[in-house]
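Working through the structure, step by step
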Amino acid sequence: MLSYSFSIYDLELFLLILVRVSCFVFICPFFSMNNTPRRVRAALSIFISALMYAGVTPAETVNFDSEVGYAIIIIKEAIAGLLIGLSANICTTIFNFAGTVADMETGLSMVQVMDPSSRQQISITGGLYNYVFSLILIASGMYRYLLGALADTFTLIPVGGVNFNVQGLKETVVVFLMDYLLIGFRIILPIFATMMMLNAILGVMAKVSPQMNMFAIGIQLKVLTGLTILFLTVSLMPKGADMVFTEMKKIMVSVVSNLM
């Protein structure tokens, strides 16, 4: 028969690791998709926690005086896992922003589709960008980096050693918001620049030939031109995903450094 024994300290340590891992898994990209069953995510969290427990040994023991002290440590570990996962998840919203602006420029802003991963209405171009991003994330093995980053946090931030630098976290959010707009506009720059040129041409034609209904013509031209540019710039999506991945790594490093 299989006989395995463990101390109460081992159980307490494993539960703290499980809290951080489960909070990370339930909010980080790829693992937190709503079309993934919750039981699968829970089983994955337990499996990853077991690996973390076997491979990561805390430098110091977790000290607490009472049940309240242990509960406070659990809350800290949960917030740490949520912040680390959220720092990676919010970077994926850049594609939704880029797709929304692109649809506004091409006249497709009223077209909404259901995203099965988030169960929310998103723009059609944003949905395309999200699917391409998910495929690149899987093909490039970015999910392994996310798990590796989570494992590294147990070395940098021992269990029970979470310290919140609120000012540093605020600065991280401000920096992300600036990069959010910059990267989003860089992704849709071909469509945005082409639509600006098209609007200028339509404005000149409206002055030259006022008898023509440029409003009706412009709607059709914007849709046709926008879809053409979108088709021609599909090959640039890996570079856009690389910018998002780089931003994701940067934000995760910044968040972890403010939790040490």
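Keep in mind it's a predicted model, so treat the numbers as computed, not measured.

What counts and what doesn't
- In this convention, every chain numbers its residues from 1, walking through the sequence in written order.
- Two thresholds apply to this predicted model, a pLDDT of at least 70 for residue-level local features and 80 or more for giving and counting side-chain atom pairs, whereas whole-chain, interface and lining totals are computed over all residues.
- As a rule here, side-chain values come from all non-hydrogen atoms in the structure, and water together with hydrogens is ignored.
- Lines fitted to the C-alpha atoms define the axes, with helices restricted to the stretch that makes contact. Angles between their N-to-C directions range from 0 to 180 degrees.
- Helix numbers and strand numbers start at the N terminus; a helix is a DSSP run of H or I with at least 4 residues, a strand a run of E with at least 2.
- Oblique is the label for any angle not covered by the other classes, which are roughly parallel (under 35 degrees), roughly antiparallel (over 145) and roughly perpendicular (65 to 115).
- Here is the rule for handedness: rotate from the far helix to the near one, and if that takes an anticlockwise turn smaller than a right angle the crossing is left-handed, while a clockwise turn gives right-handed.
- Only heavy atoms matter for contacts: two residues are in contact if any of them lie within 4.5 Å across the pair.
- To estimate the expected span of a helix, count its residues, drop one, and scale the result by 1.5 Å.
- Partly exposed describes any residue whose relative accessible area lies between the buried limit of under 20% and the exposed limit of over 50%, with all areas from a 1.4 Å probe on protein chains only and scaled to the type maximum.
- Note that the arc is defined by the directions from the helix axis to the C-beta atoms.
- A pairing counts as a salt bridge when a side-chain nitrogen of Lys or Arg comes within 4 Å of a carboxyl oxygen of Asp or Glu.
- Think of a 1 Å grid over just the protein atoms. A cavity is a set of points where a 1.4 Å probe fits yet cannot get out, a pocket is an open set with protein on both sides within 12 Å along at least five of seven lines, and lining residues have an atom within 4 Å of a point.
- Grid points are joined across faces, edges and corners, and a volume is the space filled by probe spheres set on the points.
- Amino acids outside the nonpolar list (Ala, Val, Leu, Ile, Met, Phe, Trp, Tyr, Cys, Pro) and the charged list (Asp, Glu, Lys, Arg) are all regarded as polar, and Gly is one of them.
- pLDDT measures the predictor's confidence residue by residue and takes values from 0 up to 100.

**Some thoughts on the packing of helix H6 (residues 142-156) against helix H10 (residues 237-257)**
Close contact between H6 and H10 brings their axes to 11 Å; oriented N to C, the two are set at 15°. For the element pair H6 / H10, the angle class is roughly parallel. Like other packed secondary-structure pairs, H6 and H10 cross with a definite hand, here right-handed. Contacts between H6 and H10 pair Met142, Tyr145, Leu146, Ala149, Thr153 and Leu156 from the former with Phe245, Met248, Lys249, Met252 and Val256 from the latter.

**Describing the side chain of Asp179**
Of note, Asp179 is situated in helix H7 (residues 166-187). Sequence-distant contacts of Asp179, defined by excluding residues within four places in its chain, comprise Gly184, Glu247 and Lys250.

**Focus: helix H8 (residues 189-208)**
Compared with an ideal rise of 1.5 Å per residue, which puts 20 residues at 28 Å, H8 spans 29 Å between its outermost C-alpha atoms and is within 8% of the ideal. Within H8, burial applies to Ile191, Met195, Leu198 and Leu202. Axial view of H8: buried residues confined to an arc of 65°, hence all on one face. Those residues of H8 that are exposed and angled more than 90 degrees off the buried face are Met197, Val204, Lys207 and Val208. Where H8 is buried, its residues meet helix H4 (93-106), helix H5 (124-139) and helix H9 (214-232).

**Thoughts on the pattern of salt bridges**
Scanning the entire structure with this criterion turns up two salt bridges. Arg20 is the salt-bridge partner of Glu77, the closest N and O atoms lying 2.7 Å from each other. Linking Glu77 in helix H3 (residues 67-89) with Arg20 in helix H1 (residues 8-25), this pair joins segments that are 57 residues apart in sequence. Neither Glu77 nor Arg20 differs from the other in exposure class; each is buried. Among the salt bridges present, the one from Asp179 reaches Lys250, with a minimum N-O distance of 3.0 Å. Taken together, the residues span a long stretch of sequence, with Asp179 in helix H7 and Lys250 in helix H10 at a distance of 71 residues. Asp179 sits in the buried class, given a relative accessible area of 14%. Here Lys250 falls in the partly exposed class, since its relative accessible area comes to 43%.

**A short note on empty space enclosed by the protein**
Under the counting rule described, the total for this entry stands at one cavity of 30 Å³ or more. Each pocket or cavity is described by its volume, and for the largest cavity that value is around 40 Å³. Around the largest cavity, the lining residues are Ala102, Asp103, Thr106, Leu108, Thr125, Ile191, Gly226, Leu227 and Leu230. At the level of elements, H4 and H9 are the ones that each hand at least two residues to the lining of the largest cavity. Of the residues belonging to the lining of the largest cavity, the class tally is five nonpolar, three polar and one charged.

**Considering H5**
Since there are 3.6 residues in each turn of an α-helix, residues three or four apart along the chain are aligned in direction. For H5, with 16 residues, the first-to-last C-alpha span of 23 Å sits near the 22 Å given by 1.5 Å per residue. If you check which residues of H5 are buried, you get Thr125, Gly126, Gly127, Tyr129, Asn130, Phe133, Ile136 and Leu137. Immediately beyond the C-terminal end of H5, within one or two residues, lies Gly141, with a positive phi of roughly 75°.

**Points about the confidence of the model for the chain**
Residues with a pLDDT of 70 or more make up 94% of the chain, whose mean pLDDT is 81. Of all the helices and strands in the chain, strand E1 (residues 112-115) carries the lowest mean pLDDT, 74, while H7 carries the highest, 86.

**What to know about the layout of surface pockets**
Approximately 270 Å³ is the volume attributed to the second largest pocket. Looking at the second largest pocket, it is lined by 14 residues, and the ones nearest its centre are Arg186, Ile187, Leu236, Met237 and Gly240. Secondary structure elements with two or more residues in the lining of the second largest pocket: H5, H7 and H10. A per-element tally of the lining of the second largest pocket places H10 first, with four residues. When its residues are assigned to classes, the lining of the second largest pocket shows 10 nonpolar, two polar and two charged.

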